[in-house]
Amino acid sequence: MLAVKKVLLLAIAASSASAFAFSPRASVNSAAKTLSVPAVTQFPAKTSSSTSMALSATGGAAAVAEEESGANLGETLKVGSYFALWYLFNIGYNIYNKQALNALAFPWTIATIQMATGILYFAPLWALGLRKAPKLSMADLKTLLPIALCHTGVHVGAVIALGAGAVSFAHIVKASEPVVTCAANAALLGEVLPMKVYATLLPIIGGVAIASMKELSFTFLALAAAMLSNVSSSLRGVLSKKTMSGKQIGENLDAQNLYAVLTAMSTVLLIPMMLAVEGTAFLPAFKAAVAAGSFTNKSLSTLLLLSGATYYLYNEVAFLALGKVNPVTHAVGNTIKRVVIIVASVVAFKTPMSTGSIIGSSIAIFGTLLYSLAMNSVKK
């Protein structure tokens, strides 16, 4: 219960930070404080006007420098907190998600619950005016529908992979997403990248292959589901470029609101899919898990809600972190995050990893970092 309370408190903290970051009034006030210059000090009449100007200018510059130094420190602490919460929520999600899947082998239903939980986060922000609600027409929703379908595939594929195999293995396969992205961009957008970018794909492919061959908990379902997530993620990016690049869609549709809208649309899409694949068997299974004595109704419901809350919050905080740092820093941070998740899952679930799996995953993750850095250099 202590761990649950800590996660809930951190969720509240993230919500507050997010609400502040997206509040127009807060942004304006913050900018005003940063740009404001202290009033010129009144000097005695005997002091010459030139001396007065020099003294006031010096004092003003010192005050501004001191204020800027304080602002930089505050900004550094804010960015650091975003990264810390990003890692924490991501680790929390992977652990809560795996625990929920171990208790209830219904990945489609659990994925739907997790997706729907995000609505409980952003809907109050819109209702209370802490974030401007997007305004979309039916034409806008039709434009976003293919992207929402891909968004659904990203999440469902990941949840199935995490349920079918070890968390560490799922994330090793997920590290191969750049390979799929390059193939999708070339096939659908005709995008040809420099050879140095394609060269970074070799360690990714080789590392994932080594890790898969040496993975002690390898299953074809986990591999296929993780690749489904990768393909869906790559197609989501391609479709976003094709349908949204240079096009105004609705009002107030910034990155955070776009993610919220896709979450709501994916929830609507997932419900019939869930019923078609798993029906309503989840409810008897839930009661059976409680009857077995491993959980109470409250503890199992809390576990499911926490998996959904941490899923949405880690994505929300990732947007905040991305908006505050340059692409290289974000790429390095994302690479370290994947390593931290793998290590945390191995420790939490005592999942054995062979030497070959460790070597393969290290090569793949390092290749992912090289790819991110190479892509960043191409974009400059």
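Basis of the calculations
Residues numbered from 1 in each chain as written. Predicted model: local features only at pLDDT ≥ 70, side-chain atom pairs only at ≥ 80, totals over all residues. Heavy atoms only, no water. Helix = DSSP H or I, 4+ residues; strand = E, 2+ residues; numbered from the N terminus. Buried < 20%, exposed > 50% of the residue type's maximum accessible area, 1.4 Å probe, protein only. Contact = heavy atoms within 4.5 Å. Areas by Shrake-Rupley, 256 points an atom, 1.4 Å probe, with all protein chains shown as cover. Salt bridge = Lys/Arg side-chain N within 4 Å of Asp/Glu carboxyl O. Axes fitted to C-alpha atoms, helices over the stretch in contact; angles between N-to-C directions. Parallel < 35°, antiparallel > 145°, perpendicular 65-115°, else oblique. Left-handed = near helix turned anticlockwise from the far one by under 90°. Nonpolar A, V, L, I, M, F, W, Y, C, P; charged D, E, K, R; others polar. Expected span 1.5 Å × (residues − 1). Phe/Tyr/Trp six-rings, centres within 6.5 Å; stacked < 30°, edge-to-face > 60°. Core = buried A, V, L, I, M, F, W, Y, C linked by side-chain atoms within 4.5 Å. pLDDT = per-residue confidence, 0-100. Patch = residues over 30% accessible without salt bridge, like charges linked within 9 Å, V, L, I, M, F, W, Y side chains within 5 Å.

A look at the overall build of the protein chain
- When its secondary structure is counted, the protein chain shows 16 helices and zero strands.
- By residue count, 43% of the 380 residues in the protein chain fall in the buried class.
- Partitioning the contacts of the protein chain with sequence separation of at least 6, the portion at a separation of at least 24 is 88%.
- Carbon together with sulfur atoms contributes 70% to the accessible area of the protein chain, which is approximately 18,800 Å² in total.

Overview of the pattern of salt bridges
- All told, the structure shown has two salt bridges when counted by the stated rule.
- Of the charged contacts, one joins arginine 131 and glutamate 316 as a salt bridge, the two residues approaching to 2.5 Å between their closest N and O atoms. Taken together, the positions of arginine 131 in the loop between helix H5 (119–127) and helix H6 (138–164) and glutamate 316 in helix H14 (residues 297–322) put the pair 185 residues apart, joining distant regions of the chain.
- Accessibility expressed as a relative area gives 3% for arginine 131, which makes it buried.

A look at the packing of helix H4 (residues 107–117) against H6
- Viewed as axis vectors pointing N to C, H4 and H6 meet at an angle of 125 degrees, and their least axial separation amounts to 9 Å. The pairing of H4 with H6 is recorded here as oblique in orientation. Between H4 and H6 lies a crossing whose hand is right-handed. Counting all contacts with H4, which are made through Pro107, Trp108, Ala111, Gln114 and Met115, the residues of H6 involved are His151, His155, Val156, Val159 and Ile160.
- Classifying every residue of the contact of H4 with H6 by side-chain character gives seven nonpolar, three polar and no charged.

Some remarks on unusual backbone geometry
- For asparagine 252, which is not glycine, the phi dihedral falls at a positive 60 degrees.
- Within the fold, asparagine 252 resides in the loop between helix H11 (220–244) and helix H12 (255–278).

Some words on H11
- Taking 1.5 Å as the rise per residue, H11 with 25 residues should run 36 Å; its terminal C-alpha atoms sit 35 Å apart, in good agreement.
- Those residues of H11 hidden inside the fold are in contact with H6, helix H7 (167–174), helix H8 (177–189) and H12.

Things to note about the packing of aromatic side chains
- Under the criterion given, the structure shown has 13 aromatic pairs.
- Considering the side-chain rings of tyrosine 259 and tyrosine 312, the 5.3 Å spacing of their centres and the 45 degrees angle between planes classify their relative orientation as tilted. Taken together, the positions of tyrosine 259 in helix H12 and tyrosine 312 in helix H14 put the pair 53 residues apart, joining distant regions of the chain.
- Residue tyrosine 259 is classed as buried on the basis of its relative accessible area of 6%.
- Taking the relative accessible area as the measure of exposure, tyrosine 312 reaches 2% and is therefore buried.
- An angle of 80 degrees between the planes, with centres 6.0 Å apart, marks the rings of tyrosine 311 and tyrosine 314 as edge-to-face.

Quick look at the packing of H6 against H7
- In the contact formed by H6 and H7, the axes pass within 8 Å of each other and the chain directions differ by 140 degrees. By the criterion of interaxial angle, the relationship of H6 to H7 is oblique. Only Val167, Ala170, His171 and Lys174 of H7 make contact with H6, whose side of the interface consists of Val154, Ala161 and Leu162.
- Partitioning the contact of H6 with H7 into residue classes produces five nonpolar, one polar and one charged.

Considerations on the nonpolar core
- Ranked by size, the top nonpolar core spans 55 residues in total, and within it Phe83, Trp86, Leu104, Ile110, Phe282 and Leu304 carry the most contacts.
- For this core, the leading source of residues is H14, giving twelve residues.
- When sequence neighbours within four positions are dropped, the list of residues in contact with isoleucine 110 reads Asn97, Ala100, Leu101, Leu104, Phe282 and Leu304.
- Membership of the second largest hydrophobic core comes to ten residues, among which are Leu144, Leu262, Met265 and Leu269.

What to know about the confidence of the model for the protein chain
- Residues at a pLDDT of 70 or more form 80% of the protein chain, whose mean pLDDT is 81.
- Considering each helix and strand of the protein chain separately, the mean pLDDT is smallest for helix H2 (residues 24–35), with a value of 35, and largest for H4, with 97.
- The low-confidence segment residues 1–58, where pLDDT is below 50, has 50 contacts with residues more than four positions distant or belonging to other chains.

Let's talk about the environment of threonine 329
- Take threonine 329: it is sitting in helix H15 (residues 327–349).
- Taking the C-alpha atoms as reference points, threonine 329 and leucine 373, 44 residues apart in sequence, are found 9.5 Å from one another.

Regarding a nonpolar patch on the surface
- A cluster of nonpolar residues, Val332, Ile336, Phe366, Leu370 and Leu373, forms a patch on the protein surface that exposes about 380 Å² of accessible area.
- Every element with two or more residues in the nonpolar patch is listed here: H15 and helix H16 (355–379).
- Looking at the nonpolar patch, the element that brings in the most residues is H16, giving three residues.
- Looking at the element boundaries, valine 332 is found in helix H15.
- Of the residues examined, valine 332 reaches a relative accessible area of 31% and is grouped as partly exposed.

Regarding the side chain of serine 232
- Within the element layout of this structure, serine 232 appears in helix H11.
- We classify serine 232 as buried; its relative accessible area is 8%.
- Residue contacts for serine 232: discarding those within four places in its chain leaves Cys150, Gly153 and Val154.

Quick notes on the environment of glycine 153
- Among the structural elements, glycine 153 can be located in helix H6.
- In this structure the C-alpha to C-alpha distance between glycine 153 and serine 266, which are 113 residues apart in sequence, comes to 9.1 Å.
- Beyond its immediate chain neighbours, meaning those up to four positions away, glycine 153 contacts Leu228, Ser229 and Ser232.

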